[in-house]
Amino acid sequence: MGSVTDWVAKKLATNGQQLEVVDRTPEDFLVIRAKEDYTFLVAVLSVQDIVQVSHVQPLFVGTRKPQLVVNVPSKALWSGAAIDFVHSVQSAFGTMGDIARAAETRAAGLFRDRNMRFFINAMEQHENVSTVSYVYDSVFRVDRRCGSSLTVAVIDAYNMSAEDVRNARTRVGHFDIVVKASSYGSITEQAESAAESMAAQALTFRGLMQRLAR
Amino acid sequence: MLLGPIASGTEWHLFGSVNRDHSDASDIDLMILCESDVQADMLRQAIDPDSFSLPLHLSLLSFEEAATIDATSMQQSTVVLRLPPGLDHQGSPAH
């Protein structure tokens, strides 16, 4: 039975996304070649629940450092501390699907999830927000100048359903607000009710911006 | 991926770039309409997104929810699988 790194290498070889695994370093990082000969290093973790700092720190002790760290399974969470550490060493984190997205940037260490970057920027620029920090990869603590801090969970959904809300609670625990990433689509009445039953609110991006002010 | 009776009565829809048959689709947008909340929660647990060839964006809605927002028309989805009702989601025969 192969390692999870072998599994990722095999998937990349078969998914037709024009990525080629050209080598493997002694640290077991994958050397990925993308279009126009852009090459970068990917480290693969296999943490089942929550990726912690203790999982990622050992990847950066040698002279060769990965530009991207991915975890399989993609359902696992990344802790805020692990994310902050990875970013502090000019690297990026993500899932296997992010390898192709990182390759497209041609600066894989600077890759950031597009949706999360949008939400972080928007919340940081809100006049009533002092700081935004990661709790998990799609969950943020938002400290406000006026009013209590809020925990905001972002769901990658076009239409937010009650199951999306329940699944978010199961995965990440408490949140005050659950917001859908897409500015299109709808939030179902059942999703709003599910959030209310958790003493939370299901909001669109616009609703989130209004809520941060109050 | 074998889901067995927990998927009975569900309707599976593709939307987005895969549904439009784009050769350069970068992910799979899959919407599953379910008979109950319990069934939706069970399917979320049972479906492994890493088992697909491309990254999976999975939406699970009850039929009732999908109807209230007209989700299938809104997302111009295509039904790719319709499973007959069978056992209920607790494993007993459905009435």
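Treat the numbers as computed from the prediction; the structure is a model and nothing was measured.

**Quick look at the pairing of strand S3 (residues 56-62) of chain B**
All names here are of chain B. Burial of S3 is extensive: 6 of the 7 residues sit out of reach of the surface. As paired elements, strand S2 (residues 28-34) and S3 share 7 bridges and run parallel to each other. Paired with Ile 32 across the two strands is Leu 60, which belongs to S3. In this view, the connection linking S2 to its parallel neighbour S3 by way of helix H2 (residues 37-46) has right-handed handedness.

**What about the pairing of strand S2 (residues 30-33) of chain A?**
All names here are of chain A. Relative to S2, strand S1 (residues 20-24) runs antiparallel, the two being bridged by 4 bridges. When the sheet's bridge partners are listed, Asp 23 is paired in S2 with Val 31. Strand direction decides the pairing type here: S2 and strand S3 (residues 39-45), joined by 4 bridges, are antiparallel. If you follow Arg 33 over to S3, its bridge partner there is Thr 39. Count of turn residues in the S2/S3 antiparallel hairpin: 5 residues, of which Glu 36 carries a positive phi of about 55 degrees.

**Considerations on the nonpolar core**
Residue and element names in this part refer to chain A. Counting residues in hydrophobic clusters, the biggest one holds 37 residues, and the most contacted among them are Val 56, Trp 78, Met 123, Phe 140 and Leu 208. Taken together, the elements giving at least two residues each to this core come down to S3, helix H3 (80-88), helix H5 (114-124), strand S8 (129-136), strand S9 (139-144), strand S10 (150-155), strand S11 (177-180) and helix H8 (205-213). Here this core takes 5 residues from H5, the largest share from any one element. Formed jointly, this core draws a minimum of three residues from each of two domains, domain 1 (4-110) and domain 2 (114-212). Judged by nonpolar contacts, the second largest core, of 22 residues, contains Ala 9, Met 96, Ala 100 and Ala 108.

**Looking at the domain arrangement of chain A**
Often, the extent of an interface is quoted as the loss of accessible area on bringing the components together. Residue and element names in this part refer to chain A. Splitting chain A by domain gives domain 1 (4-110) and domain 2 (114-212). In this assembly, 11 residues from domain 1 lie in contact with 6 residues from domain 2. Looking only at domain 1, the three residues that lose the most surface to domain 2 are Leu 77, Gly 80 and Ile 83, adding up to 52% of its buried area. Seen at the junction of domain 1 and domain 2, the total is 0 salt bridges. Our count for the domain 1 to domain 2 interface comes out at 3 residue pairs in polar contact (both at pLDDT 80 or more). Contributions of two or more residues to the side of domain 1 that touches domain 2 are made by strand S6 (77-78) and H3. The element that contributes the greatest number of residues to the side of domain 1 that touches domain 2 is H3, accounting for 4 residues. Considered class by class, the residues forming the side of domain 1 that touches domain 2 number 6 nonpolar, 3 polar and 2 charged.

The rules behind each value
- Residues numbered from 1 in each chain as written.
- Chains lettered and ligands numbered in written order.
- Predicted model: local features only at pLDDT ≥ 70, side-chain atom pairs only at ≥ 80, totals over all residues.
- Heavy atoms only, no water.
- Buried < 20%, exposed > 50% of the residue type's maximum accessible area, 1.4 Å probe, protein only.
- Helix = DSSP H or I, 4+ residues; strand = E, 2+ residues; numbered from the N terminus.
- Pairing = 2+ DSSP bridges.
- Right-handed = clockwise from strand over helix to strand, strands pointing away.
- Core = buried A, V, L, I, M, F, W, Y, C linked by side-chain atoms within 4.5 Å.
- Domains from an automatic or database assignment.
- Contact = heavy atoms within 4.5 Å.
- Buried area = accessible area lost by both parts, 1.4 Å probe.
- Salt bridge = Lys/Arg side-chain N within 4 Å of Asp/Glu carboxyl O.
- Polar contact = N/O pair within 3.5 Å; in protein donor to acceptor, adjacent residues only side chain to side chain.
- Nonpolar A, V, L, I, M, F, W, Y, C, P; charged D, E, K, R; others polar.

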